[in-house]
Amino acid sequence: MDALDLLLNRTSEPKLEAPAPQGQALENLFQAAFRVPDHGMLHPYRFVVIEGEGRQKLGEVCLAALLAADPEADDKARDKALHLLERAPMVVAVVSKVQDHPKVPAFEQLVTAGLAAHAMQMAAVAQGFGGIWRTGAYATAPLVREALGVSGEDEILGFLYLGTPVPTKFKVPRPDSSAFVSHF
Ligand SMILES: Cc1cc2nc3c(=O)[nH]c(=O)nc-3n(C[C@H](O)[C@H](O)[C@H](O)COP(=O)(O)O)c2cc1C
């Protein structure tokens, strides 16, 4: 896959099965993240790989978070929370680590951490894998943050679900550029 083909044709893949990237293929995702523009080279992110039984363990935390927010949650919602992370063989939590810096404001560091998440997804696609970036209420739930060691101003920017795409009819229309571009 050449670079332009990747840029013009990448899509998110909501349905994923094993295998997920492992070994050098997984390392390539992190190396792609380390290539994104990063003012001051602050590396304002860290990544938590959730796979195997880790997905069930974090699912139990999601269930606890659901019940903390809504003790009356019905069985369907409880089951969904418990098995949320099992929608892919691997989930990488992308966590921002913004620091006070005299020249690099917080928003620039957040942009860099977001770019890192996207670069990881692109590296997955380039190697024949697929993924989707999800957030949802659990990304900000105190119990989930605590379980993943996220504290203070740090944020879970997303859960990058990764694996091998199972084809779906999920298609996102892409707009014409004229509505978004002006020339000065
Ligand atoms: C910060 C962020 C959070 C997102 N959260 C979710 C989410 O919780 N659930 C979801 O289905 N899509 C979420 N998305 C959107 C998908 O990642 C994806 O972009 C969307 O489904 C469109 O598909 P595409 O990437 O092929 O255009 C999120 C995207 C971003 C950038």
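This structure is a prediction, so every number in the text was calculated from the model and none was measured.

> Requested: an account of the packing of aromatic side chains, with residues and values cited.
Taken as a whole and assessed by the stated rule, the structure comprises three aromatic pairs. Arranged with centres 6.2 Å apart and planes meeting at 25°, the rings of phenylalanine 34 and tyrosine 45 form a pair that is stacked. One end of the pair, phenylalanine 34, is in the loop between helix 2 (23–33) and strand 2 (45–51); the other, tyrosine 45, is in strand 2, with 11 residues separating them in the sequence. When its relative accessible area of 36% is taken as the criterion, phenylalanine 34 is described as partly exposed. By the ring-pair criterion, three or more aromatic residues cluster together here, those being Phe30, Phe34, Tyr45 and Phe47.

> So what's going on with the pattern of salt bridges? Residues and values would help.
Evaluated as defined, the whole model comprises one salt bridge. One salt bridge in this structure joins lysine 97 and aspartate 154, with 2.6 Å as the shortest N-O distance. Of this pair, lysine 97 sits in the loop between strand 3 (90–96) and helix 5 (106–126) while aspartate 154 sits in the loop between helix 6 (142–147) and strand 5 (155–165), and the two are 57 residues apart along the sequence. Residue classification places aspartate 154 among the buried residues on the basis of a relative accessible area of 8%.

> With reference to specific residues and values, describe helix 2.
Buried within helix 2 are the following residues: Ala25, Leu26, Leu29, Phe30 and Ala33. The arc enclosing the buried residues of helix 2, seen along the axis, measures out at 150°, which places them on a common side. Opposite its buried face, helix 2 presents the exposed residues Gly23 and Gln24, each directed more than 90 degrees away. In the core, the buried residues of helix 2 are packed alongside strand 2, strand 3, helix 5 and strand 5.

> Got a sec to walk through the side chain of glutamine 121? Specific residues and values, please.
Within the fold, glutamine 121 resides in helix 5. When its relative accessible area of 3% is taken as the criterion, glutamine 121 is described as buried. Residues contacting glutamine 121, with those up to four places away along its chain left out, are Arg10, Ser12, Gly131, Ile132, Trp133 and Leu160.

> Can you lay out the layout of surface pockets for me, pointing to particular residues and giving the numbers?
There is about 190 Å³ of room inside the largest pocket. Along its surface, the largest pocket is lined by Leu7, Leu8, Asn9, Arg10, Thr11, Phe170, Lys171, Val172 and Arg174. Estimates place the volume of the second largest pocket at around 160 Å³. For the lining of the second largest pocket, the class distribution of residues is seven nonpolar, two polar and three charged.

> If you had to explain the packing of helix 2 against helix 5 to someone new, which residues and values would you point to?
Packing of helix 2 against helix 5 leaves a shortest axis separation of 8 Å and a crossing angle of 140°. With respect to each other, helix 2 and helix 5 are oriented oblique. Considering the relative orientation of helix 2 and helix 5, their crossing is right-handed. Side by side, helix 2 and helix 5 meet where Asn28, Leu29, Phe30, Ala32 and Ala33 of the first sit next to Ala116, Ala119, Met120, Ala123 and Ala124 of the second. For the contact of helix 2 with helix 5, the per-class residue count stands at nine nonpolar, one polar and no charged.

> Account for the environment of methionine 120, naming residues and giving values.
With respect to the helices and strands, methionine 120 occurs in helix 5. Since its relative accessible area comes to 0%, methionine 120 is described here as buried. Along the primary structure methionine 120 and lysine 15 are separated by 105 residues, whereas in three dimensions their C-alpha atoms are 18 Å apart. Leave out the neighbours within four places in its chain, and methionine 120 touches Leu29, Phe30, Ala33, Phe47, Val92 and Leu160.

> Mind laying out the pairing of strand 5, listing which residues take part and the relevant values?
Counting buried positions along strand 5 gives eight out of 11 residues, so the element sits mostly inside the fold. Note that strand 1 (residues 16–17) and strand 5 share two bridges and pair antiparallel. Residue pairing across strands places leucine 16 opposite proline 165, the latter belonging to strand 5. For strand 3 and strand 5, the ladder comprises seven bridges, and the chain directions are antiparallel. Residue pairing across strands places methionine 90 opposite leucine 162, the latter belonging to strand 5.

Here is what the cut-offs are and how they apply
- Residues numbered from 1 in each chain as written.
- Predicted model: local features only at pLDDT ≥ 70, side-chain atom pairs only at ≥ 80, totals over all residues.
- Heavy atoms only, no water.
- Phe/Tyr/Trp six-rings, centres within 6.5 Å; stacked < 30°, edge-to-face > 60°.
- Helix = DSSP H or I, 4+ residues; strand = E, 2+ residues; numbered from the N terminus.
- Buried < 20%, exposed > 50% of the residue type's maximum accessible area, 1.4 Å probe, protein only.
- Salt bridge = Lys/Arg side-chain N within 4 Å of Asp/Glu carboxyl O.
- Arc of directions from axis to C-beta.
- Contact = heavy atoms within 4.5 Å.
- 1 Å grid on protein atoms, 1.4 Å probe; cavity = no way out; pocket = protein on both sides within 12 Å on 5 of 7 lines; lining within 4 Å.
- Points joined across faces, edges and corners; volume = space filled by probe spheres on them.
- Nonpolar A, V, L, I, M, F, W, Y, C, P; charged D, E, K, R; others polar.
- Axes fitted to C-alpha atoms, helices over the stretch in contact; angles between N-to-C directions.
- Parallel < 35°, antiparallel > 145°, perpendicular 65-115°, else oblique.
- Left-handed = near helix turned anticlockwise from the far one by under 90°.
- Pairing = 2+ DSSP bridges.

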